[in-house]
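Examination of the molecular architecture
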Amino acid sequence: MSGSGDGSGRGDAIRLLLADDHPVVRAGLRAVLDTERDFRVVGEAATAEEAVALAAAGGFDVVLMDLQFGAGMHGSEATATITAAPEGPRVLILTTYDSDADILAAVEAGASGYLLKDAPPQELAAAVRTAAAGRSALAPSVAHRLMDRMRTPAEALTRRELEVLQLVGEGLSNLQISKRLFLSQATVKSHLVHIYAKLGVDSRTSAVAAATARRLIRR
């Protein structure tokens, strides 16, 4: 899927796959990226599943991946699948979400970078080039949040605690959370005890409110 016969003179360009469920967003990204001489958008995916299939077929250097795709596969799941392939492309997360839960899930899935959709065009272009070169490309605000976690590790919620709290915020019961995450109910309760202690709260409602205010989870 290299599409080298497009007459654009971009044979050595960084080949991009745009994965976002909004056609308007994909069109906007294509318009911005097409202004860069060393970029070539050679594919689009409206679902995470489609992005995984296209990436597996080859012909891409960087995938610009959204996180939310409606009821289908999550962007982090797609990222993990794509980056697990020996010759898979780099994945640059491009999203509106900057919660700790989303950032950690993406980084642990193997994303080479994490950028917010309101990033200036030059920042987006720089991040794409950085990801293509195999280096990390993090939005300044994202890097700052990760640094804060490293400075106070005892107070930071773990990835699993963030997952549990995100589901609490979505209204799931302990039983539903245990089934979703393949944990025992006792383990879920244990995670909640640790969450309450770290956030200085004593209820599910207070925990969700505190975590939302600190952008640990999204609502």
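Look up a bit, the structure's there.
I will try to describe carefully the structure that is included in this document.

Once that is clear, we can look at the nonpolar core. In terms of nonpolar packing, the biggest core is built from 68 residues, with L33, L64, M65 and L165 touching the most fellow members. The contact partners of M65, leaving out residues within four places of it in the chain, are A19, A51, G75, A78, T79, I82, V91, L92, I93 and L94.

Okay, the sheet that holds strand β4 (residues 90–95) next. One open sheet accounts for 6 strands, arranged β2-β1-β3-β4-β5-β6; its pairing is parallel. The open sheet is flanked by β2 (39–45) and β6 (137–138), the only strands paired with a single partner. Sitting on the sheet, helix α1 (residues 23–33) is in contact with β1 (14–19), β2, β3 (62–65) and β4, with an inclination near 170 degrees to β2. Running over the sheet, helix α5 (residues 121–132) touches β1, β2, β3, β4, β5 (113–116) and β6 and is turned about 155 degrees from β4.

Let us now look at the environment of L67. When you line up the elements, L67 lands in the loop between β3 and α3 (75–84). On the basis of relative accessible area, L67 is assigned to the buried category, the value being 0%. Along the backbone, L67 and A154 are 87 residues apart, and their C-alpha atoms lie at a distance of 28 Å. Apart from the residues within four sequence positions on either side, L67 is in contact with H74, G75, S76, I93, T95, Y97, D102 and Y114.

This next bit is on the packing of aromatic side chains. Inspection of the entire model under this criterion finds 0 aromatic pairs. Residue placement shows R218 over the ring face of Y97; its charged tip is 4.2 Å from the ring centre.

This part takes up the pairing of β3. Alternating residues of β3 divide into V62 and L64 and V63 and M65, and every residue in both groups is buried. As paired strands, β1 and β3 are joined by 4 bridges and run parallel to one another. Bridge pairing links L16 to V62 in β3. Note that β3 and β4 share 4 bridges and pair parallel. By the bridge assignment for β4, V63 is matched with V91. Following the chain from β3 across α3 to the adjacent parallel β4, one finds a crossover that is right-handed.

Turning next to helix α6 (residues 140–151). The terminal C-alpha atoms of α6, which comprises 12 residues, lie 16 Å apart, in line with the 16 Å expected from a rise of 1.5 Å per residue. Residues V142, R145, L146 and R149 constitute the buried set of α6. Down the axis of α6, the buried side of the element spans an arc of 95 degrees, and every buried residue falls inside it. Away from its buried face by more than 90 degrees, α6 exposes P140, M150 and R151. Buried residues in α6 make contact with α4 (100–108), β5, β6 and α7 (159–169).

What counts and what doesn't
Residues numbered from 1 in each chain as written. Predicted model: local features only at pLDDT ≥ 70, side-chain atom pairs only at ≥ 80, totals over all residues. Heavy atoms only, no water. Core = buried A, V, L, I, M, F, W, Y, C linked by side-chain atoms within 4.5 Å. Buried < 20%, exposed > 50% of the residue type's maximum accessible area, 1.4 Å probe, protein only. Contact = heavy atoms within 4.5 Å. Pairing = 2+ DSSP bridges. Helix = DSSP H or I, 4+ residues; strand = E, 2+ residues; numbered from the N terminus. Axes fitted to C-alpha atoms, helices over the stretch in contact; angles between N-to-C directions. Phe/Tyr/Trp six-rings, centres within 6.5 Å; stacked < 30°, edge-to-face > 60°. Lys NZ or Arg CZ within 6 Å of the ring centre and 35° of its normal. Right-handed = clockwise from strand over helix to strand, strands pointing away. Expected span 1.5 Å × (residues − 1). Arc of directions from axis to C-beta.

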